[in-house]
Amino acid sequence: MPTKPVVRTAAPRRPPAVDDALWPRVTREVADDLAADAIARDRAGKPPYDEVARLREAGLPALLTPPAPLGRSRTAAAASDGGRSGGNGGGADWRTAAAVIREIAAADGSIGELIARHYVLSWSGRLFGAPDGTSGNEPLAVADGRLLGGGTDLPDPESGPGLTLSPADSGYLLNGRRSFAAGVTVADRLVVGAASTHTGELLIALVDPTHPGVLADTDNDRLGQRLTGAGSVDFDNVPVGAGHILGAMPRDEHAVSAFTALAPLALRLVLSQVALGIAEGALAEARDVSRAVPPAPRPEAPDTTTYAVRPSGDPYLLLAYGELATAAHTAAAVVERATDALEQGLLTGRDLGMDERAEIAVRVAAAEAVTSRSAVDITTRILELTQAATSFEGGASLDRFWRNARALTARSSPTHRLRDIGDHYLNGTHPPFTVRS
């Protein structure tokens, strides 16, 4: 049965200033806290109410919001919205946000995805806002360190008609059912895309999930990424005021601006950051296990006395870890280049051209292809390298990294991304222009 979301009591906290050295320490403390009981929480598979309370207490939802627009200070940005942003006149840039997301994902892939989707959704007012470049009602969405859930991408036509917004007094009525990958049970606000029954355009709406007409049905019984707060939401005549429309997207995909079309690329890139974090977390934890557990004797190397002093000195083990560490470093380099390209495109704003958007799309596709393959390969091979870890009481449960990587990367095909990259490299063809992620 659909259930009402539980109201959380953790008070929001102002984020640390982005230009000082406090946020890495805050992120590390949260990551260490999540890693400490990651195995027990993964096995329980409960909605992440407690995890969200930890994020809010640390101020991460408030930190992971768009930075102040170019030419405006954080103080000016906060003052211009009349204080609606809770005094936070700007959040993290993309490099800062990527580092936070990646470290949280290394500790807990599900929470990494939850906070990654929140960051992309916090950009909705800017990406879908007015053509003049203003961010519309963005301050309302990011006020008071709210955690955002939902999704703005177009639904798969096979999944049903999606959500609709019908004109009503002083606003709209939201109806329909939609599945979301994160945040449906724990978000403070839902950001959703719904088709206007009047114009046909896609409107981006900010919705209060505690309204009686919003019913959430959780989906925690999954192979991996079980703690993202995924599920389906029914909207039954939920009122949405005109002031809660963050932006719009034309009905015709070809009429969408290059800047607005960065939205699906932003989502794909942060999910690549999550995949990379999962791989790095798995590799680090497997390293600790391999250092502590002697390797099993190998038929081709019967004399194991050479490795008695240092069990992790097995040359076969060293070779394997060298290959996996190199794969992780390679993926990190590709993802960082894509992050720089996307950040530059966002800074360019509405002046972004289609050629520039195509170059960003190629970088993001490369990041997606490399990280998805590396994440699955690394999380698979560490299970082979740490077989002796089963001697530990309760086991190391390294399979959770593999399950999370598989669940996360199954949503996209590296083959399709590589084909687009090859077509661009060989023929100069732009990747398909689409607003679907």
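Residues numbered from 1 in each chain as written. Predicted model: local features only at pLDDT ≥ 70, side-chain atom pairs only at ≥ 80, totals over all residues. Heavy atoms only, no water.

A short note on the confidence of the model for the protein
Item 1. Confidence along the protein averages 85 in pLDDT terms, with 81% of residues attaining 70 or more.
Item 2. Low pLDDT, under 50, characterises residues 1–17; the stretch is placed with 43 contacts to residues that sit more than four places away or in other chains. (pLDDT = per-residue confidence, 0-100. Contact = heavy atoms within 4.5 Å.)

Structural notes on unusual backbone geometry
Item 1. The phi torsion at S170 lies on the positive side, around 55°, for a residue other than glycine.
Item 2. By relative accessible area, which is 69% here, S170 ends up exposed.
Item 3. One non-glycine residue, Q225, lies in the positive phi region at around 50°.
Item 4. With relative accessibility at 0%, the residue Q225 sits in the buried group. (Buried < 20%, exposed > 50% of the residue type's maximum accessible area, 1.4 Å probe, protein only.)

Structural notes on the packing of helix 7 (residues 109–122) against helix 10 (residues 262–292)
Item 1. With their axes 9 Å apart at the nearest point, helix 7 and helix 10 run at an angle of 160° to one another. The pairing of helix 7 with helix 10 is recorded here as roughly antiparallel in orientation. Handedness of the crossing formed by helix 7 with helix 10: right-handed. On helix 10, the residues touching G109, G112, E113, A116, R117 and V120 of helix 7 are A263, A266, L267, V270, L271, V274 and I278.
Item 2. In terms of residue class, the contact of helix 7 with helix 10 is built from nine nonpolar, two polar and two charged. (Axes fitted to C-alpha atoms, helices over the stretch in contact; angles between N-to-C directions. Helix = DSSP H or I, 4+ residues; strand = E, 2+ residues; numbered from the N terminus. Parallel < 35°, antiparallel > 145°, perpendicular 65-115°, else oblique. Left-handed = near helix turned anticlockwise from the far one by under 90°. Nonpolar A, V, L, I, M, F, W, Y, C, P; charged D, E, K, R; others polar.)

Considerations on the pattern of salt bridges
Item 1. In this structure the tally under the stated criterion is 26 salt bridges.
Item 2. Between R117 and E113 there is a salt bridge, with its nearest N and O atoms 2.9 Å apart. One end of the pair is R117 and the other is E113, both in helix 7 and four residues apart, which spans about a single turn.
Item 3. Two residues, R417 and E368, come together in a salt bridge whose shortest N-O distance is 2.8 Å. Here R417, found in helix 14 (residues 414–427), pairs with E368, found in helix 12 (residues 354–385); they are 49 residues apart in sequence, far enough to count as distant. Each member of the pair, R417 as well as E368, carries the same accessibility label: buried.
Item 4. Among the ionic contacts, a cluster of salt bridges with common partners joins D33, D37, R41, D50, E51, R54 and D108. (Salt bridge = Lys/Arg side-chain N within 4 Å of Asp/Glu carboxyl O.)

Here we look at the pairing of strand 4 (residues 189–196)
Item 1. Burial within strand 4 is extensive, with seven of its eight residues counted as buried.
Item 2. Pairing of strand 1 (residues 148–151) with strand 4, which is carried by four bridges, proceeds in the parallel orientation. Directly across from G150, in strand 4, lies its bridge partner V191.
Item 3. In this structure, strand 2 (residues 164–168) lies alongside strand 4, joined through two bridges in parallel fashion. (Pairing = 2+ DSSP bridges.)

What to know about the pairing of strand 8 (residues 245–249)
Item 1. Among the five residues that make up strand 8, four are buried, leaving the element largely enclosed by the rest of the structure.
Item 2. The pairing of strand 5 (residues 202–207) with strand 8 spans four bridges and is classified as antiparallel. Bridge assignment links L202 to a residue of strand 8, and that residue is M249.

Things to note about the nonpolar core
Generally speaking, soluble globular proteins have nonpolar side chains that are buried together.
Item 1. Judged by nonpolar contacts, the single largest core of 86 residues is most densely connected at L60, W94 and L262.
Item 2. It is helix 10 that provides the largest number of residues to this core, a total of 16 residues.
Item 3. Once you skip the residues sitting within four places of it in the chain, L262 turns out to touch L127, L342, G345, L346, L352, R357 and I360.
Item 4. If you look at the next biggest cluster of nonpolar residues, it comprises 18 residues, including F180, V192, V233 and I245. (Core = buried A, V, L, I, M, F, W, Y, C linked by side-chain atoms within 4.5 Å.)

Remarks on helix 1 (residues 22–36)
Item 1. Spanning 15 residues, helix 1 covers 22 Å between terminal C-alpha atoms, matching the ideal 21 Å at 1.5 Å per step.
Item 2. Buried within helix 1 we find W23, V26, T27, V30, A31 and L34. Within helix 1, the buried residues cover an arc of 130° as seen down the axis, which keeps them to one side.
Item 3. Looking at the buried side of helix 1, the elements it contacts are helix 2 (38–44), helix 3 (49–58), helix 4 (60–63), helix 6 (94–107) and helix 7. (Expected span 1.5 Å × (residues − 1). Arc of directions from axis to C-beta.)

Some remarks on the packing of aromatic side chains
Item 1. Per the counting criterion, the structure on display carries three aromatic pairs.
Item 2. Residues W94 and Y119 carry aromatic rings whose centres are separated by 5.1 Å and whose planes lie at 65° to one another, so their mutual orientation is edge-to-face. Remark: Y119 occurs in helix 7 and W94 occurs in helix 6; sequence separation between them is 25 residues. There is no split in this pair, since W94 and Y119 are both buried.
Item 3. Considering the side-chain rings of W94 and W123, the 6.3 Å spacing of their centres and the 45° angle between planes classify their relative orientation as tilted. Of the two residues, W94 sits in helix 6 while W123 sits in the loop between helix 7 and helix 8 (124–127), which places them 29 residues apart along the sequence.
Item 4. A residue is classified by how much of its surface remains accessible, and W94, at 4% relative accessible area, is buried.
Item 5. Here W123 falls in the buried class, since its relative accessible area comes to 4%. (Phe/Tyr/Trp six-rings, centres within 6.5 Å; stacked < 30°, edge-to-face > 60°.)

A few points about the environment of G125
Item 1. Among the secondary structure elements, G125 is positioned in helix 8.
Item 2. We classify G125 as buried; its relative accessible area is 2%.
Item 3. Here the alpha-carbon distance between G125 and A205, two residues 80 residues apart in the chain, equals 9.6 Å.

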